[in-house]
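Descriptive structure summary
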Amino acid sequence: MRDRVMTEMTLYDKLSILSDAAKYDVACTSSGVDRKGDGNGMGNCSRSGICHSFSADGRCISLLKILFTNECIYDCKYCVNRSSNDVVRTSFTPEEVCELTMEFYRRNYIEGLFLSSGILKSPDYTMELIYATLYRLRHVCNFQGYIHVKAIPGADERLIRLTGFLADRMSVNIELPTAEGLRLLAPHKTRKNILKPMRLVQEKRKENRQEIIVYKNAPRFVPAGQSTQMIIGATPETDFQILNVAEALYKKFDLKRVFYSAFVPVNNDRALPSIRDEGPPLLREHRLYQADWLLRYYHFEAGELLDEDNPNFNVYLDPKCCWALKHLEFFPVEVNRADYRTLLRVPGIGYKSATRIVKARRIGKLEFDDLKKMGVVLKRALYFLTCNGKMMYPVRIDEDYITRNLLNTKERVPEGVSGMNYRQLTLFDDMNMTAVRSAGTDLQWKQR
């Protein structure tokens with residue numbers, strides 16, 4: 001019966017089903033690797049070569065993002081493709097994935113391929129199909145563009161290694177932050193099986209770096225690194241627990257990215273939280289991404305941002321502002337003397353603007369106008385900075401006072417500063433200004 005349905009289904013029908021089934025997987029990144037085409041194949045890879053576009057639900061669709069199959073032997077309670085769900089099932093063949101990728105690339109619809117999959121028959125069988133697909137794409141179709149592929153937990157290590165030499169990036173979804181959450185919602189999966197291919201990819205990448213030093217033309221193994229994804233809100237872990245797991249993954253497995261996916265209730269199950277009226281916890285996901293950025297680029301540690309007494313992020317303020325408000329003893333910072341890492345901890349200063357400040361102050365002393373030109377968000381930074389010993393406005397270094405002003409997004413100047421009427425324009429101010437100019441013109445004409 002299944003074979004008859006598969007032959008009757010068109011390639012477009014399969015694409016509609018399997019691209020829609022892939023939208024819940026957010027571990028989708030730009031290339032992160034440079035590889036020029038050799039002139040004999042199609043495509044190439046640039047480190048920042050993926051041009052992002054977004055679908056109606058906010059997901060990135062710069063890659064052809066599909067599942068190889070939505071058939072699955074597992075019954076994960078949070079997954080739309082769980083074996084107990086009554087949904088239309090289908091699978092691609094390796095030839096069909098190659099045809100779609102090449103035709104979409106020729107039409108400039110995509111910059112590369114993101115290939116994930118349900119577990120068809122067994123992990124080994126599924127991984128073998130994925131390897132066959134990538135082998136055909138690279139060696140038969142001569143596709144030299146970006147490929148992101150999922151490593152299947154429980155699959156044979158040899159298959160994962162062979163696939164890693166064909167892909168640019170690999171990812172193994174950790175699914176849920178804790179092993180207890182996995183036992184509750186994904187009883188067929190274990191933390192050991194998930195972490196094993198992660199360790200394999202990490203160790204093989206280390207070996208491959210040494211091989212490339214000795215043999216310049218040695219094939220590259222997962223040159224853009226590996227990533228993972230966690231579902232947020234399906235289990236009761238706190239932000240503190242989630243951030244500690246992410247920090248451990250970065251340190252122990254050398255991951256490039258940890259992605260956070262707000263839980264979307266696609267199944268009815270008593271083990272799942274009931275949040276249909278509230279919607280997915282997107283703001284929580286956003287705060288975790290901000291904190292993740294602080295871990296990777298701003299030299300923060302998870303224990304600095306949260307602790308057991310304060311286990312969750314403030315929904316009203318970003319994590320960096322929250323940290324600064326709890327550590328006012330470090331502020332204000334003198335912008336002309338502070339070192340790079342100190343500048344990174346100032347709200348409103350990013351790692352690019354911090355680099356510009358360090359370079360620019362070699363030439364001369366900086367003022368607040370200079371900082372604004374460098375990209376510093378003075379609306380937040382003015383409470384934590386001095387230029388040449390002076391603050392931008394006479395403000396109090398007080399947690400309640402600064403918090404109140406940071407939350408008052410309508411005003412650009414601190415509360416209580418006299419003689420200032422500088423405020424942010426509203427959507428209708430342009431119309432008001434037109435009316436004022438018109439009235440002023442009429443008055444001048446009458447005076448004449």
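Residues numbered from 1 in each chain as written. Predicted model: local features only at pLDDT ≥ 70, side-chain atom pairs only at ≥ 80, totals over all residues. Heavy atoms only, no water.

Let us look at unusual backbone geometry. Residues Phe 331 and Pro 332 are joined by a peptide bond in cis, for which omega reads 0°. The phi torsion at Val 222 lies on the positive side, around 45°, for a residue other than glycine. Within the secondary structure, Val 222 is located in the loop between α7 (191-214) and β5 (226-232). In this structure Val 222 comes out as buried when scored by relative accessible area, which is 0%. Although it is not a glycine, Asp 254 sits at a positive phi angle of roughly 55°. (Helix = DSSP H or I, 4+ residues; strand = E, 2+ residues; numbered from the N terminus. Buried < 20%, exposed > 50% of the residue type's maximum accessible area, 1.4 Å probe, protein only.)

What follows concerns the sheet that holds strand β3 (residues 146-150). The six strands are arranged β1-β2-β3-β4-β5-β6 in an open sheet whose pairing can be described as parallel. In the strand order of this sheet, the two ends are held by β1 (64-67) and β6 (257-262), each with one partner. Each strand of the sheet is rotated relative to its neighbour by a mean of 20°, with strand direction disregarded. In the sheet, β1 pairs with strand β2 (residues 112-116) via four bridges, with the strands oriented parallel. Note that in β2 the partner of Leu 64 across the bridge is Leu 113. (Pairing = 2+ DSSP bridges. Axes fitted to C-alpha atoms, helices over the stretch in contact; angles between N-to-C directions.)

Another aspect to go through is the pairing of β6. Within β6, six of the six residues are buried, leaving the element largely enclosed by the surrounding structure. Where β5 and β6 come together, six bridges link them in parallel fashion. Among the inter-strand pairings, Gln 229 is bridged to a residue of β6, identified as Phe 259. Between β5 and its parallel partner β6, the chain crosses via helix α8 (residues 239-253), and the hand of that crossover is right-handed. (Right-handed = clockwise from strand over helix to strand, strands pointing away.)

To continue, consider the pattern of salt bridges. In the structure shown here, the tally under the stated rule is 17 salt bridges. Between Arg 284 and Asp 239 there is a salt bridge, and its shortest N-O distance comes to 2.6 Å. In this pair, Arg 284 is assigned in helix α9 (residues 282-297) and Asp 239 in helix α8, connecting sequence segments 45 residues apart. Residue Asp 239 is classed as buried on the basis of its relative accessible area, which comes to 3%. A network of salt bridges, in which partner residues are shared, links Asp 75, Arg 82 and Asp 269. (Salt bridge = Lys/Arg side-chain N within 4 Å of Asp/Glu carboxyl O.)

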